[in-house]
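# Observations on the model geometry
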Amino acid sequence: MKRVDTSDWPCTIARSAAVLGDHWNLLLVRQACLGTRRFDDFQRELGIGRNILTRRLNQLVDEGIMQRVEYQSHPPRSEYRLTQQGREVYPILAAMAAWGDRWLSGPDGTPLVLHHTACDHDMHAVVVCSVCDEPIDVQEIKAQPGPGYRADHEPSATV
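Structural notes, computed from the coordinates. This one's a predicted model, so the numbers in the text were calculated from it and none came from an experiment.

## What to know about the overall build of the chain
Secondary structure assignment for the chain yields six helices and four strands. N-terminal to C-terminal, the α/β element order of the chain is α-α-α-α-β-β-α-α-β-β. Its C-alpha atoms give the chain principal-axis dimensions of about 55 × 45 × 30 Å. Going through the 159 residues of the chain one by one, you find that 25% of them count as buried. Of the contacts formed within the chain by residues at least 6 apart in sequence, a portion of 39% connects residues at least 24 apart. Carbon and sulfur atoms provide 53% of the accessible area of the chain, an area that totals close to 11600 Å².

## Details of the nonpolar core
Core analysis: the largest hydrophobic core is formed by 21 residues, its most contacted members being L28, V29, F42, L53, L57, I65 and M66. If one sorts the elements of this core by residue count, helix α2 (residues 23-33) sits on top with five residues. Not counting chain neighbours up to four residues away, the residues in contact with V29 comprise L60, I65, M66, L82, G86, V89 and L93.

## Digging into the packing of aromatic side chains
The description of two aromatic rings rests on the distance between their centres and on the angle between their planes. Across all of its chains, the model carries zero aromatic pairs by this definition. Between the NZ or CZ atom of R38 and the centre of the ring of Y71, over which it lies, the distance is 3.6 Å.

## Examining the pattern of salt bridges
Applying the stated criterion across every chain yields a total of six salt bridges. For R37, the salt bridge is made with E79, and the minimal N-O distance between the two is 3.5 Å. Taken as a pair, R37 in the loop between α2 and α3 (39-46) and E79 in strand β2 (residues 76-82) lie far apart in primary sequence, 42 residues in all. Under the relative-accessibility criterion, R37 is labelled partly exposed at 39%.

## So, unusual backbone geometry
A cis geometry characterises the amide bond from H74 onward to P75, with omega recorded as -10°. Take P75: it is sitting in the loop between β1 (66-73) and β2. Even without glycine at this site, D120 takes up a positive phi of about 60°. Turning to its location among the elements, D120 is positioned in the loop between β3 (114-116) and β4 (121-123). Unusually for a residue other than glycine, D133 sits at a positive phi of about 65°. Along the chain, D133 turns up in the segment after β4.

Rules used throughout
- Just so you know, the residues in each chain are numbered from 1, in the order the chain's sequence is written.
- Residues qualify for local features only when their pLDDT is at least 70, as the model is predicted, and side-chain atom pairs are given and counted only at 80 or more; totals for whole chains, interfaces and linings, by contrast, use all residues.
- Excluding hydrogens and water, the side-chain values take into account all heavy atoms of the structure.
- By the criteria applied, helices consist of DSSP H or I runs no shorter than four residues and strands consist of E runs no shorter than two, each listed in order from the N terminus.
- With a 1.4 Å probe rolled over the protein chains alone, any residue whose accessible area is under 20% of its type maximum counts as buried; one over 50% counts as exposed, and the rest are partly exposed.
- Two residues form a contact once any of their heavy atoms are found within 4.5 Å.
- Per-residue and other accessible areas were derived by the Shrake-Rupley procedure at a 1.4 Å probe size, with only the shown protein chains allowed to occlude residues.
- Note on terminology: a nonpolar core comprises buried Ala, Val, Leu, Ile, Met, Phe, Trp, Tyr and Cys residues joined through side-chain atoms within 4.5 Å.
- Under the pairing criterion, centres of Phe, Tyr and Trp rings, with the six-membered ring standing for Trp, must be within 6.5 Å; the plane angle then separates stacked pairs below 30 degrees from edge-to-face pairs above 60, leaving the rest tilted.
- Our definition puts a charge over a ring when NZ of Lys or CZ of Arg is within 6 Å of the ring centre and also within 35 degrees of the ring normal.
- Any Lys or Arg side-chain nitrogen located within 4 Å of an Asp or Glu carboxyl oxygen qualifies as a salt bridge.

Right under this line is the structure:
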């Protein structure tokens, strides 16, 4: 089944999904956040095929989420480092982890605890309104067209 390209839909969720919606891309960014940088290390940590890994890393570089940095010239070898854009994916991953802890953890509890070194406490992500700091509840949100909205492009752009 062919995926629909949503990269130019008038919805930033659809555009983000075009880049981050592939589970390998999310896992590669997670691994990079955990310090993985080299191709063989990504492959070993994730058990991903070399051909798929090559395509996904190239896509993440093309999208500006990672950058290739040469660490050896003879033979040429590069590692993959998160850009600022890539580092800003982490709150999304932390929110996904919080959701997974609530709904997908088994009887033994979460397999990974996030520890915030700034305050030295274990934490979970909470997405809040940027104005009033109240947690976001879908029943209290209304999506409205913004300045970049083009109604002629997507059948259902509102969330």
